[in-house]
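Residue-level listing of the chains:
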Amino acid sequence: MANYIYTMEIHKSKKSKLENIDFDNISFGTTFSDHMFICKYSEGLWNSPKILPYGPISLDPSTSSFHYGQSIFEGMKAYKDSKEKVWLFRPEENFKRMNKSSLRLNMPELPKDIFFKGLTKLLKIDSEWIKSGVGNSLYIRPFIFASSPNLQANPSKEYIFFIICCPVKSYYGGRIDVLISEQYSRAASGGVGYAKAAGNYAAQFYPTSLAEKEGCNQIIWTDANNHEYLEEAGTMNVFFRINDTLVTSPLNDRILDGVTRKSVIQLSNSLKIKTEVRPIKVSEIISSHKKGELKEIFGTGTAVVLCPISSFKFDNKKFEINPIKNSFAEILKEKITSIQYNLTDDPFGWRFPVN
Ligand code: COI
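All right, on to the overall build of the chain then. For the chain, the helix and strand inventory stands at 7 helices and 18 strands. Taking 355 residues into account, the globule formula puts the C-alpha radius of gyration at 20 Å, and the chain, at 21 Å, falls close to it. Dimensions of the chain, computed from C-alpha atoms along their principal axes, come out at roughly 60 × 50 × 40 Å. Classification of the 355 residues of the chain by burial places 52% in the buried group.

Below you can see the structure in the form of C-alpha cells.
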C-alpha cells in the first residue's frame, strides 16, 4: 500500500504580490512567491497535500524541531528560457538527497509523487515569479521538519513537508575571501555532514561571524581530527586548481553530495580538464601558492552556482589569488548556466521540463 494519500487541494491567493516586486533589487531569500506547497505526515502516512497562499503557520511552542533540530532541507532553482519555458536542473538528485537526509535524521521517507507533483504544480501556479534571462531564477526551498508538540527527546511522530520559492539573483556579488579554519569544523566522521540538516548550517554561524571580523566572507572547513584536510567552503563544496588540474575532496560522511559539485566534475571531465577527486591538505595548498601553482579556488552550490575565491587566510597570513585568463571557474559556470537556461544542448540529460 502506498504510504501516502494524494488528492491535492489548491487554494489560490486572492491578490498576487507580483506588482510590488522589484526583481532587480532583491536580496536572497527575503521575498517569497504567492503560494506554498504543504503536506503533513501523521500516523505513518503523508496526507492532505495542499497549495495555499504563502503565509505564516501556527505551531505549538513545544514543536519538536524547535528543540531537537529534526529538520532537513533542499535547495533547487527553476529557470525560464527565452520562449517562457520553465526548467529545473537535475531535480531527481535533490529528491534522492532529501530522502538520504531524512533517513539520517530518522525522518519518514517522502514519496516521489508528492515531491514532484507538489513541485511542478507549485511552479506552474507561480510561473510568473520566474524571470527569464541568465542570472534570474526562482530559488526553491523544499524542507521537512518534526512537528509533534512534544518535548520528549525522541523522533517526532508528525512531520510537515513544505515547498516555498523566492525569486533570486546571484548569492554573492563577486569573488569572496575565505579563512581556512584551524579550530572549527563543519562535520565529523559518523555525524550528519553529508545530510542537508538544518543544524549543520546553524553550527556554522558563530565561526563564520569570527571569520567576518577578520575580513573574510566564509570559512574553508577542515577535518575535525587535525584540521589538516580541506573539506568545504562555507555552504559550498570547494575546488582548487593547481596548475591545470582541478582537485576536490572525495565524498564521505562529512561532505555534502552537491548537485553542482557532481555536475562540475562531469563537465570538467568531458572538457578534458584533468580532475582529481582526492583528499587535499592545507599544506599542499600553501606550498602550491608559494610555488605560484595555485591558480584558482572556487565554491560550488545551487545558490551560488560557482563562486570564485579571491584570497584565503591561514595562520594569520593572507594569500591572494589573482584573476586569470581562461579561468576554469568562468568556463564551467558558463557551460552549466547555458544548460540551465536552455541556451545550449544538454548532452548529460540534466534539464527537466516543468511545462
Ligand atoms: C544552496 O546552495 O542551496 C545552499 O544550500 C545554500 C543555502 C544555505 C543558501
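Turning to the site of the ligand, a few remarks are in order. Taken together, the neighbourhood of the ligand is formed by F28, F73, G75, Y139, R141, Y171, K196, Y201, T235, G301, T302 and A303. Between the ligand and Y139, the relevant distance is 2.7 Å, taken from an oxygen atom to a side-chain nitrogen or oxygen of the residue. Contact between the ligand and K196: an oxygen atom at 2.5 Å from a side-chain N or O atom of the residue. The fraction of the free accessible surface of the ligand (280 Å²) that becomes covered by protein chains is 90%. When its residues are assigned to classes, the shell around the ligand shows 6 nonpolar, 4 polar and 2 charged. For the shell around the ligand, the domains that each give at least three residues are domain 1 (9-168) and domain 2 (176-340).

V282, I285, I286 and S288 are the residues of helix α6 (residues 282-290) that are buried. Looking straight down α6, one finds its buried side chains confined to an arc of 165°; they lie on one side. Positioned one or two residues after α6, G292 has a phi angle of 80°, which is positive.

Between helix α2 (residues 91-104) and helix α3 (residues 112-125), the shortest axis-to-axis distance is 11 Å and the interhelical angle comes to 135°. It follows that α2 is oblique to α3 by the angle criterion. Like other packed secondary-structure pairs, α2 and α3 cross with a definite hand, here right-handed. Contact residues: α2 offers P91, E92, N94, F95 and M98, while α3 offers K112, F115 and F116. Grouping the amino acids of the contact of α2 with α3 by side-chain chemistry returns 5 nonpolar, 1 polar and 2 charged.

If you trace the backbone, T300 turns up in strand β15 (residues 294-301). Setting aside residues no more than four positions away along its own chain, T300 makes contact with M236, N237, F239, T260, R261, V264, V305 and L306.

This brings us to the domain arrangement of the chain. Taken domain by domain, the chain consists of domain 1 (9-168) and domain 2 (176-340). Placing a centre on the C-alpha atoms of domain 1 and another on those of domain 2 gives a separation of 27 Å. Each partner contributes residues to the interface: domain 1 has 20 residues there, and domain 2 has 22 residues. Buried surface at the junction of domain 1 and domain 2, both sides included, amounts to about 1,900 Å², of which 59% is carbon and sulfur. Summed over the three residues of domain 1 that lose the most area to domain 2, namely F89, R97 and R104, the buried surface amounts to 33% of that side. The tally of links between domain 1 and domain 2 comes to 2 salt bridges. Scanning the region where domain 1 abuts domain 2 turns up 12 residue pairs in polar contact (both at pLDDT 80 or more). Mapped by element, the contributors of at least two residues to the side of domain 1 that touches domain 2 are β4 (71-73), β5 (76-80), β6 (86-89) and α2. Element by element, the count of residues in the side of domain 1 that touches domain 2 is highest for α2, at 6 residues. Of the residues that constitute the side of domain 1 that touches domain 2, the class distribution is 9 nonpolar, 4 polar and 7 charged.

Quick look at a nonpolar patch on the surface now. A grouping of I57, L59 and F66 is seen on the molecular surface, where their side chains present a nonpolar patch of about 260 Å² in accessible area. Within the secondary structure, F66 sits in helix α1 (residues 64-68). On the accessibility criterion, F66 (53% relative accessible area) is exposed.

Attention shifts here to the pairing of strand β10 (residues 218-222). In terms of burial, β10 is largely enclosed, as 5 of its 5 residues are buried. Side-chain alternation along β10 places Q218, I220 and T222 on one buried face and I219 and W221 on a second face that is also buried. Pairing of strand β9 (residues 176-180) with β10 involves 3 bridges; the strand directions are parallel. Counterpart to L179 in the pairing with β10 is I219. Running through helix α4 (residues 198-213), the crossover from β9 to the neighbouring parallel element β10 is right-handed. Bridging between β10 and strand β11 (residues 230-233) involves 3 bridges; their strand directions are antiparallel. Looking across to β11, one finds that T222 is bridged to L230.

Conventions adopted
Residues numbered from 1 in each chain as written. Predicted model: local features only at pLDDT ≥ 70, side-chain atom pairs only at ≥ 80, totals over all residues. Heavy atoms only, no water. Helix = DSSP H or I, 4+ residues; strand = E, 2+ residues; numbered from the N terminus. Rg over C-alpha atoms; globule rule 2.2 N^0.38 Å. Buried < 20%, exposed > 50% of the residue type's maximum accessible area, 1.4 Å probe, protein only. Near = heavy atom within 4 Å. Polar contact = N/O pair within 3.5 Å; in protein donor to acceptor, adjacent residues only side chain to side chain. Areas by Shrake-Rupley, 256 points an atom, 1.4 Å probe, with all protein chains shown as cover. Nonpolar A, V, L, I, M, F, W, Y, C, P; charged D, E, K, R; others polar. Domains from an automatic or database assignment. Arc of directions from axis to C-beta. Axes fitted to C-alpha atoms, helices over the stretch in contact; angles between N-to-C directions. Parallel < 35°, antiparallel > 145°, perpendicular 65-115°, else oblique. Left-handed = near helix turned anticlockwise from the far one by under 90°. Contact = heavy atoms within 4.5 Å. Buried area = accessible area lost by both parts, 1.4 Å probe. Salt bridge = Lys/Arg side-chain N within 4 Å of Asp/Glu carboxyl O. Patch = residues over 30% accessible without salt bridge, like charges linked within 9 Å, V, L, I, M, F, W, Y side chains within 5 Å. Pairing = 2+ DSSP bridges. Right-handed = clockwise from strand over helix to strand, strands pointing away.

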